[in-house]
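Examination of the molecular architecture
The residues making up each chain are set out below.
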Amino acid sequence: MSSSIRTTLKSDALTRLAQAIAVTLCAGLAGCQSTASVSSGTGQDARPHALTAHVRPKPIFVNQAQAKKAPHDVWERIRDGFQLQDSIAMNPRVEQQRLWFVSNPSFLESASGRGSLYMHYIVERLEERDMPLELALLPVIESAFNPMAYSRSDASGLWQFIPSTGRYFNLRQTNFYDGRRDVTASTGAALDYLSKLHEMFNGDWLLALAAYNAGEGTVSRAMERNEKLGLPTDYWNLPLPQETRDYVPKLLALAELVQSPQAYGVNLNPIANQPYFDVVEVNQRVDLSRVAALAGIDEDEMFQLNPAFKKRVTMEPTQHLLVPTAKAQLLTASLSNMKPEELLTLAPAQRVFDEVAVVQPSRPKSYTVRRGDNLASIAKANKVDTRDLQRWNRLTGKNLKVGQTLVMQAETQAKGRVMAKAGSAASDVQKTTTYKVRKGDSLYLVAKRFNVEMQHLKRWNPRSGHALKPGQTLTVYLNRR
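Scoring rules and cut-offs
- Residues numbered from 1 in each chain as written.
- Predicted model: local features only at pLDDT ≥ 70, side-chain atom pairs only at ≥ 80, totals over all residues.
- Heavy atoms only, no water.
- Helix = DSSP H or I, 4+ residues; strand = E, 2+ residues; numbered from the N terminus.
- Buried < 20%, exposed > 50% of the residue type's maximum accessible area, 1.4 Å probe, protein only.
- Contact = heavy atoms within 4.5 Å.
- Areas by Shrake-Rupley, 256 points an atom, 1.4 Å probe, with all protein chains shown as cover.
- Axes fitted to C-alpha atoms, helices over the stretch in contact; angles between N-to-C directions.
- Parallel < 35°, antiparallel > 145°, perpendicular 65-115°, else oblique.
- Nonpolar A, V, L, I, M, F, W, Y, C, P; charged D, E, K, R; others polar.
- Pairing = 2+ DSSP bridges.

Take the overall build of the protein chain next. Helices and strands together make up the secondary structure of the protein chain, namely 21 helices and eight strands. A burial count over the protein chain gives 39% of its 481 residues as buried. Contacts in the protein chain between residues far apart in sequence, at least 24 positions, make up 65% of those at least 6 positions apart. As displayed, the protein chain offers around 28,300 Å² of accessible surface, 51% of which is attributable to carbon and sulfur atoms.

The geometry of helix H10 (residues 205-214) relative to helix H11 (residues 216-228) is characterised by a closest axis approach of 6 Å and an angle of 125° between their N-to-C directions. As the angle between them shows, H10 and H11 are arranged oblique. Contact residues: H10 offers Leu-207, Ala-210, Ala-211 and Ala-214, while H11 offers Glu-216, Thr-218, Val-219 and Met-223. Of the residues that constitute the contact of H10 with H11, the class distribution is six nonpolar, one polar and one charged.

Tracing the backbone shows Gly-440 in the loop between strand E7 (431-436) and helix H20 (443-450). For Gly-440 and Pro-470, which are 30 residues apart along the polypeptide, the C-alpha to C-alpha distance reads 8.1 Å. Residues within four places of Gly-440 in sequence aside, it is in contact with Thr-218, Arg-221 and Leu-445.

Attention shifts here to the pairing of strand E2 (residues 319-324). Regular strands have side chains that alternate between both faces of the sheet. Most of E2 sits inside the fold, with five of its six residues counted as buried. With six bridges joining them, strand E1 (residues 277-282) and E2 adopt antiparallel strand pairing. If you follow Asp-278 over to E2, its bridge partner there is Val-323.

Quick look at the structure:
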């Protein structure tokens with residue numbers, strides 16, 4: 001056979017071999033595709049061609065946050081956001097509180113029932129700040145999720161702000177509105193306060209929580225004491241008031257029950273993982289009862305969502321109301337078609353008119369001194385104090401002259417129940433009260449509680465010293481002008 005023939009045959013053989021390989025590869029790839037479709041569609045076994053064993057599909061990257069389905073229940077969402085569980089372990093103080101919750105299941109059930117109105121909102125605000133979702137359970141400890149809760153120390157609302165701390169975090173407090181009971185405003189303030197404490201105590205959430213309960217001064221002093229003695233300064237080793245020693249374990253124990261409710265025989269009613277309420281802006285005074293009737297909302301539910309309005313009437317021209325999500329659109333449409341007078345029922349409107357009545361000063365009284373008069377007799381006849389009479393007329397002594405004119409302080413006429421309660425206090429220059437020092441108090445905390453300057457508090461109580469003792473009585477001057 002000639003070399004040219006051999007070359008041609010060899011070339012033809014190579015061409016046929018190449019074609020055969022190409023066909024085989026195509027068949028193998030087709031077989032791989034059919035295998036995938038069969039196995040995903042019917043579950044039948046199909047063996048891929050041997051040549052496809054070395055063919056690796058391109059990787060598909062899936063966003064895990066998208067792949068993971070959002071929980072249907074708020075409780076599940078809370079569990080996913082727990083960050084403090086490492087603090088529990090086998091701590092006997094946590095165990096003691098856990099036993100109490102397990103022994104009193106009705107407490108947790110009723111508190112979680114009330115909390116179902118607010119829980120989703122609180123969880124969303126915490127997640128926005130990347131804060132531990134155990135904090136969503138804090139209102140259970142503070143108020144049992146009762147927005148009307150009021151303590152002996154004058155703390156109020158879901159998050160139990162005392163008046164001075166509430167004012168510090170811009171929670172307005174008037175005769176008609178208490179921002180400490182405003183669900184959205186107080187939640188924002190509480191998270192601001194907790195964030196501030198978390199930063200103050202170098203990222204230690206347990207110390208921040210202790211300070212939320214007892215005050216930053218109490219916790220800081222306890223840490224300084226331990227540091228001087230060479231003792232640990234973590235929360236578990238600090239000499240804190242008993243209430244604060246129980247406070248953090250209560251929250252951790254509660255979180256553990258939420259983590260595994262079935263293991264402890266606790267019944268947590270499901271809470272839908274969706275907003276319970278919407279915010280509706282109102283540009284006029286409205287009666288909450290009237291609004292509830294317009295939107296077909298249960299009155300009690302309306303009050304629970306809007307507990308900040310102490311008289312159940314919005315007084316400011318521009319305000320917002322919280323209403324169940326399903327009713328928000330209907331209420332917005334109804335408000336736009338209503339006249340202002342139609343939004344206040346007759347009885348609440350009259351009550352508001354009475355209570356907002358302006359205090360009108362009457363003309364100052366004067367008295368002309370007669371023969372035989374003295375300061376004591378004039379003061380008694382005019383029902384005033386002798387010292388006030390001297391002060392109003394700048395008298396240094398008690399001597400009077402016949403024909404001398406004395407000025408009496410201007411009287412005020414208060415209309416309505418609000419001013420009647422105030423009585424003569426409306427015209428007082430200063431109002432005095434006393435405060436009995438409690439464990440953990442400091443001059444700073446007492447001054448903050450009454451919204452007065454600490455230097456004034458020291459001046460009013462020169463013998464108090466810097467270290468206060470429980471049971472000690474302090475004098476406080478209010479309404480200073």
